[in-house]
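Take a look at the letters that make up each chain.
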Amino acid sequence: MKKLLNIFLILALFLLTACSGNTQLFREDVSCKDIMNAAVDATNKPTADKIYLKDDNNLDASTFSLWADGLFGESEEFSLIDDYAVYVSAGTTTYEIAVLKATDSTGVETIKSIMERRKETLSLGDKGMYDPMFKQRMSNAKIETVGDFVILIITDDNNAALKALENLK
């Protein structure tokens, strides 16, 4: 009976690890800026309207609320973010790479919901009236989690961006 239980536990552990996908983390020295730059460089990037970087300290709780939800106010969730890098396209092209790093693993799910809200905010905007690729880009938008990093990718070639991120592991 013990042997059967041990075999079952080993099999369950194997299945859990096999089904969890690639859980390899980024190298220790990788920052949000590195991740954003790798994804941007791997894709056909349009001119930037805004680039928010922790190094430049150009994103605060008010600006974050406007970016994430299109609301004037201060986001309490901003305190869950340890590092950030966001590339927002100018003009009518829908293109965005956003990388947010949680202060710890407990904030990752909240940050994922912020990225979902960002997608909703973009979907409600007027770029859809001007960008012929809007629906395709938004329907193909990806939200990836790697450790404490949450990454929003909205480009013409999300697979190229994801492949570039693999090189940072």
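Provided above is the structure to which this section pertains.
The paragraphs below set out a description of the structure included in this document. (Residues numbered from 1 in each chain as written. Predicted model: local features only at pLDDT ≥ 70, side-chain atom pairs only at ≥ 80, totals over all residues. Heavy atoms only, no water.)

Some details on the environment of Glu144
So, step 1. Residue position: Glu144 is located in strand β4 (residues 142-146).
So, step 2. The exposure class of Glu144 is partly exposed, given its relative accessible area of 29%.
So, step 3. When the C-alpha positions of Glu144 and Lys112 are compared, they lie 8.5 Å apart, and in sequence the two are 32 residues distant.
So, step 4. For Glu144, the contacting residues outside a window of four places in its chain are Phe149, Val150, Ile151 and Leu162. (Helix = DSSP H or I, 4+ residues; strand = E, 2+ residues; numbered from the N terminus. Buried < 20%, exposed > 50% of the residue type's maximum accessible area, 1.4 Å probe, protein only. Contact = heavy atoms within 4.5 Å.)

What to know about the nonpolar core
So, step 1. With 25 residues, the main nonpolar core has Phe64, Trp67 and Leu100 as its most contacted residues.
So, step 2. Only α3 (61-69), β2 (81-89), β3 (96-102), α4 (108-124), α6 (134-139) and β5 (149-154) provide two or more residues apiece to this core.
So, step 3. If you look at the next biggest cluster of nonpolar residues, it comprises 23 residues, including Val30, Leu53, Ile97 and Ile153. (Core = buried A, V, L, I, M, F, W, Y, C linked by side-chain atoms within 4.5 Å.)

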